Amino acid sequence: MMWQPSLLLLLLLLRRGAQGKPSPDAGPQGQGRVHQAAPLSEAPHDDAHGNFQYDHEAFLGREVAKEFDQLSPEESRARLGRIVDRMDRAGDGDGWVSLAELRAWIAHTQQRHIRDSVTAAWNTYDTDRDGRVGWEELRNATYGHYAPGEEFHDVEDAETYKKMLARDERRFRVADQDGDSMATREELTAFLHPEEFPHMRDIVIAVSWARGEADLYSAEPGEEEPAWVQTEREQFRDFRDLNKDGRLDGSEVGHWVLPPAQDQPLVEANHLLHESDTDKDGRLSKAEILSNWNMFVGSQATNYGEDLTRHHDEL
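The rules behind the values
Residues numbered from 1 in each chain as written. Predicted model: local features only at pLDDT ≥ 70, side-chain atom pairs only at ≥ 80, totals over all residues. Heavy atoms only, no water. Helix = DSSP H or I, 4+ residues; strand = E, 2+ residues; numbered from the N terminus. Buried < 20%, exposed > 50% of the residue type's maximum accessible area, 1.4 Å probe, protein only. Contact = heavy atoms within 4.5 Å. Areas by Shrake-Rupley, 256 points an atom, 1.4 Å probe, with all protein chains shown as cover. Core = buried A, V, L, I, M, F, W, Y, C linked by side-chain atoms within 4.5 Å. Phe/Tyr/Trp six-rings, centres within 6.5 Å; stacked < 30°, edge-to-face > 60°. UniProt positions renumbered as here; feature names shortened; annotations may be inferred. Axes fitted to C-alpha atoms, helices over the stretch in contact; angles between N-to-C directions. Parallel < 35°, antiparallel > 145°, perpendicular 65-115°, else oblique. Left-handed = near helix turned anticlockwise from the far one by under 90°. Nonpolar A, V, L, I, M, F, W, Y, C, P; charged D, E, K, R; others polar. Salt bridge = Lys/Arg side-chain N within 4 Å of Asp/Glu carboxyl O. Expected span 1.5 Å × (residues − 1). Arc of directions from axis to C-beta. pLDDT = per-residue confidence, 0-100.

Topic: the overall build of the chain
Secondary structure summary: the chain contains 16 helices and two strands in total. Here the chain holds 315 residues, and the buried ones make up 38% of them. The contacts in the chain between residues at least 6 apart in sequence include a share of 64% that link residues at least 24 apart. With an accessible surface of roughly 18000 Å², the chain has 51% of that area assigned to carbon and sulfur atoms.

Quick look at the nonpolar core
One finds Phe59, Leu80, Met87, Leu102 and Phe296 to be the most contacted residues of the largest nonpolar core, which totals 29 residues. For this core, the secondary structure elements donating two or more residues are helix 2 (53-60), helix 3 (62-68), helix 4 (73-90), helix 5 (99-110), helix 13 (264-276), helix 14 (286-291) and helix 15 (293-296). Core analysis: the next-biggest nonpolar cluster, separate from the first, contains 23 residues, Trp135, Phe152, Phe172 and Ala183 among them.

What about the packing of aromatic side chains?
As enumerated under the stated definition, the model contains seven aromatic pairs in all. Each ring, one from Phe59 and one from Phe296, has its centre 5.2 Å from the other, and the planes form 80°; the classification is edge-to-face. Of this pair, Phe59 sits in helix 2 while Phe296 is found in helix 15, placing the two residues 237 residues apart along the sequence. A centroid spacing of 6.1 Å and a plane angle of 65° characterise the contact between Phe172 and Phe191, whose relative ring orientation is edge-to-face.

Describing the UniProt feature "domain: EF-hand" (unreviewed entry) in the chain
Per the UniProt entry, the sites bearing "domain: EF-hand" (unreviewed entry) are residues 113-148 and 163-198 in this numbering. The distance separating the terminal C-alpha atoms of residues 113-148 is 36 Å; by composition the span is 61% helix and 6% strand.

Some details on unusual backbone geometry
In this model, Arg129 sits at a positive phi of 55°, which is unusual for a non-glycine residue. Examined against the element boundaries, Arg129 turns out to sit in the loop between helix 6 (112-125) and strand 1 (133-134). Not every positive phi belongs to a glycine, and Phe152 is a case in point at roughly 60°. Positionally, Phe152 belongs in the loop between helix 7 (135-143) and helix 8 (158-175).

Re the packing of helix 8 against helix 9 (residues 185-192)
The N-to-C vectors of helix 8 and helix 9 enclose an angle of 140°; their axes lie 8 Å apart at closest approach. In terms of orientation, helix 8 lies oblique with respect to helix 9. Pair helix 8 / helix 9 crosses with right-handed handedness. Mapping the contact onto sequence places Asp168, Arg171, Phe172 and Ala175 in helix 8 and Glu187, Ala190 and Phe191 in helix 9. For the contact of helix 8 with helix 9, the residue count by class is four nonpolar, no polar and three charged.

Quick word on the pattern of salt bridges
One side chain can pair with another of opposite charge once the charged atoms of both are near each other. In this structure the tally under the stated criterion is 11 salt bridges. Glu63 is the salt-bridge partner of Lys66, the closest N and O atoms lying 3.5 Å from each other. Here Lys66 pairs with Glu63, and both are found in helix 3, just three residues apart, close to one helical turn. The exposed category is assigned to Glu63, whose relative accessible area is 52%. Two residues, Arg82 and Glu75, come together in a salt bridge whose shortest N-O distance is 3.5 Å.

Things to note about helix 6
In this model helix 6 runs 20 Å from its N-terminal to its C-terminal C-alpha over 14 residues, within 8% of the 20 Å that 1.5 Å per residue would give. Within helix 6, burial applies to Ile114, Val118, Ala121, Trp122 and Tyr125. One side of helix 6 holds all its buried residues, which, seen down the axis, span an arc of 110°. In this structure, the buried side of helix 6 is in contact with strand 1, helix 7, strand 2 (182-183) and helix 9.

Focus on the confidence of the model for the chain
Looking at the chain as a whole, its pLDDT mean stands at 77, while 70% of the residues score no less than 70. This stretch, residues 208-216, has a pLDDT under 50; its non-local contacts, to residues over four places away or in other chains, come to 21 contacts.

A look at the environment of Arg115
Structurally, the position occupied by Arg115 is in helix 6. For the pair Arg115 and Arg185, spaced 70 residues apart in the sequence, the C-alpha separation amounts to 9.7 Å.

Quick word on the packing of helix 2 against helix 13
Put simply, helix 2 and helix 13 touch, their axes get as near as 11 Å, and they point 120° apart. The orientation of helix 2 with respect to helix 13, classified from their angle, is oblique. Of the two elements, helix 2 crosses helix 13, and the hand of that crossing is left-handed. For the pair helix 2 and helix 13, contact is made by Tyr54, Asp55, Ala58 and Phe59 and by Glu268, His271 and Leu272, respectively. Split into classes, the residues belonging to the contact of helix 2 with helix 13 amount to four nonpolar, one polar and two charged.

Next up, the structure:
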């Protein structure tokens, strides 16, 4: 039995990428070069049991949330008050925090990990310290220095590495919007985090499609089809093949690899607004936020309270 190029091709490519020798995708010091969008927090969203860790990490970012966890309640409230002032100043400065201002703040804090990763990569890739990252700098820092025509002559799976190098160069060329082969910080960000940039969408979903009649799965006579093949066929039929033509086209691949994303900062902003807007006027005063401060930020006291709740639930 044979399954023609479609969902199974993508599945096999992904499985193959997870096997064998560590890929250059690991990058310098084991850091991945292409990052996928992360959730606002890995903590459970469990307000009903007094656990606001998800809200803290969404509002502050994970690292800053840890800093707040070490503060006294008084200092935590005071620092939250200064954040409220910053949110309002960054918006219309009318003395209130609107839904849009709250969402913008959460989105900004969640971009911090991207800015940090780009800064670390910049220091690695900008080897001549000229304030730009050239393709040759990035290539050499990632794959090593090779004379022309001798690329990967000293490693196994040289052809695989050559394909990875070509893939990275294509992504770099797309990110390099002015075409000067030198990446600005913004262009390097697009290279490292293509999921954040609309003009990088096609490169994110690019897949090497087999041409012609490729034998991706063939059962021997009398062999029972593996359960995973049956499952993937059902997934393909019911969820992936949107136009039901028996194959995956580019738009369907894109819908699978980069499905329409939920606006997580907006969802969290709505949640915080709903829980804190005591007069239900659709906006937050500084007093309303500070009166519900333990939902926005943590402290030594809130950590102690959450620990008590958690231990009580475990009993």
